[in-house]
Amino acid sequence: VLAVAQNYLPAEGFIQLVPVNGPYLISKSLVLHDNGNQNGLADYAETITVDMHLENVGNDDSGNIQLQVRTDDPYLTINNGTAQINAINSHDLYTKVDAFTFTVAPNVPAFHNATVELNLFYNDENHSISTIIPLHAPILSIGEVKVDDSTLGNQNGRLDFNESAYLKFDLH
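Residues numbered from 1 in each chain as written. Predicted model: local features only at pLDDT ≥ 70, side-chain atom pairs only at ≥ 80, totals over all residues. Heavy atoms only, no water.

A.B. asks: When you look at the pattern of salt bridges in this model, what are you seeing that I'm missing?
C.D. replies: Oppositely charged side chains can pair when the atoms bearing their charge come close. Applying the stated criterion across every chain yields a total of 2 salt bridges. Here lysine 28 makes a salt bridge to glutamate 55, at a shortest N to O gap of 3.4 Å. In this pair, lysine 28 sits in strand β3 (residues 25–34) while glutamate 55 sits in strand β5 (residues 47–56), placing the two residues 27 residues apart along the sequence. For glutamate 55, a relative accessible area of 18% puts it in the buried group. Note that lysine 168 and aspartate 148 form a salt bridge whose closest N and O atoms lie 3.1 Å from each other. Of this pair, lysine 168 sits in strand β13 (residues 166–171) while aspartate 148 sits in strand β12 (residues 142–148), placing them 20 residues apart in sequence. A relative accessible area of 18% places aspartate 148 in the buried class. (Salt bridge = Lys/Arg side-chain N within 4 Å of Asp/Glu carboxyl O. Helix = DSSP H or I, 4+ residues; strand = E, 2+ residues; numbered from the N terminus. Buried < 20%, exposed > 50% of the residue type's maximum accessible area, 1.4 Å probe, protein only.)

Pasting the structure below:
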């Protein structure tokens, strides 16, 4: 849908059309369980187990569902990307605990968004859902750097030619 008006920026959006007959599954949410600091976020170098909440918004029950998870993201590795899900009744919610697992690369940049494709196979149909999983990493900065040459140098607080010293700094 595109809305335009004079002296305004155009607004663009999407409308999801659901078939009148048959099952139609949507992903309501993904719940992340991390093995690291247990904060529910996909942080660098963590392995994540995902619970998947599905809803059948169609007018018919689905058959049994096979889930296949894929990504081309270089910072995300799918460890267990397949699951069997029981049939979901029409207009019903279902939670698949431990639907899939993935590992976040240790070198992921901060604020990186990984695109993951959730492919659902049911009733001889393939339904693909694209979702974004935010990946987290620290942003480090170095504070004031001090030269400590009190034990190895001439104690003037500067690094001189042929002198050994310790560098002290705060990492933020």
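A.B. asks: So what exactly am I meant to see when it comes to the sheet that holds strand β11 (residues 125–136) here?
C.D. replies: Backbone-to-backbone hydrogen bonds pair the strands of a sheet. The strands run either parallel or antiparallel. What the 5 strands build is an open sheet, ordered β4-β11-β10-β6-β8; its pairing is mixed. Of all strands in the sheet, those bounded by a partner on one side alone are β4 (42–43) and β8 (82–85). In terms of strand pairing, strand β6 (residues 65–70) meets β8 through 4 bridges, oriented antiparallel. Pairing of glutamine 66 across the sheet is with glutamine 84, part of β8. (Pairing = 2+ DSSP bridges.)

A.B. asks: How should I be thinking about the sheet that holds β5 in this particular structure?
C.D. replies: The strand order across the open sheet formed by 4 strands is β3-β5-β9-β7, and the pairing between neighbours is antiparallel. Bordering the open sheet on either side are β3 and β7 (76–80), each of which pairs with just one other strand. Averaged over all adjacent pairs, the angle separating strand axes in this sheet is 35°, with direction ignored. Where β5 meets strand β9 (residues 93–104), 8 bridges bridge the pair, whose relative direction is antiparallel. Considered in β9, the bridge of valine 50 is made with phenylalanine 100. (Axes fitted to C-alpha atoms, helices over the stretch in contact; angles between N-to-C directions.)

A.B. asks: I would appreciate a short explanation of the side chain of histidine 112 in the present structure.
C.D. replies: In this fold, histidine 112 is placed in strand β10 (residues 112–122). Here the side chain of histidine 112 touches aspartate 73 through a polar contact of 2.7 Å, side chain to side chain. Those residues within four positions of histidine 112 in sequence are excluded, and the remaining contacts are Asp73, Tyr75, Ile133, Pro134 and Leu135. (Polar contact = N/O pair within 3.5 Å; in protein donor to acceptor, adjacent residues only side chain to side chain. Contact = heavy atoms within 4.5 Å.)

A.B. asks: Would you explain unusual backbone geometry in this entry?
C.D. replies: The phi dihedral of aspartate 124 falls on the positive side, at around 60°, and the residue is not glycine. With respect to the helices and strands, the residue aspartate 124 is situated in the loop between β10 and β11. Of note, the phi angle at glutamine 155 is positive, near 60°, even though the residue is not glycine. On the secondary structure map, glutamine 155 appears in the loop between β12 and β13.

A.B. asks: I would appreciate a short explanation of the side chain of aspartate 43 in the present structure.
C.D. replies: Topologically, aspartate 43 is positioned in strand β4. Despite its burial, aspartate 43 pairs with no opposite charge; the closest candidate is lysine 96, at 25 Å N-O. Ignoring sequence-local partners within four residues, the contact set of aspartate 43 consists of Asn37, Val104 and His136. (Lys, Arg positive; Asp, Glu negative; His and termini not counted.)

A.B. asks: Hey, could you run me through the nonpolar core in this one?
C.D. replies: A general trend in soluble globular proteins is that nonpolar side chains are found buried together. If you look at the biggest cluster of nonpolar residues, it comprises 28 residues, and the most contacted ones within it are Leu67, Phe102 and Leu120. Considering every element that reaches this core, the biggest residue donor is β10, with 5 residues. (Core = buried A, V, L, I, M, F, W, Y, C linked by side-chain atoms within 4.5 Å.)

A.B. asks: What is the right way to look at the environment of threonine 131 in this model?
C.D. replies: For threonine 131, the position within the fold is in strand β11. Setting aside residues no more than four positions away along its own chain, threonine 131 makes contact with Leu30, Ala114, Thr115, Val116 and Leu118.

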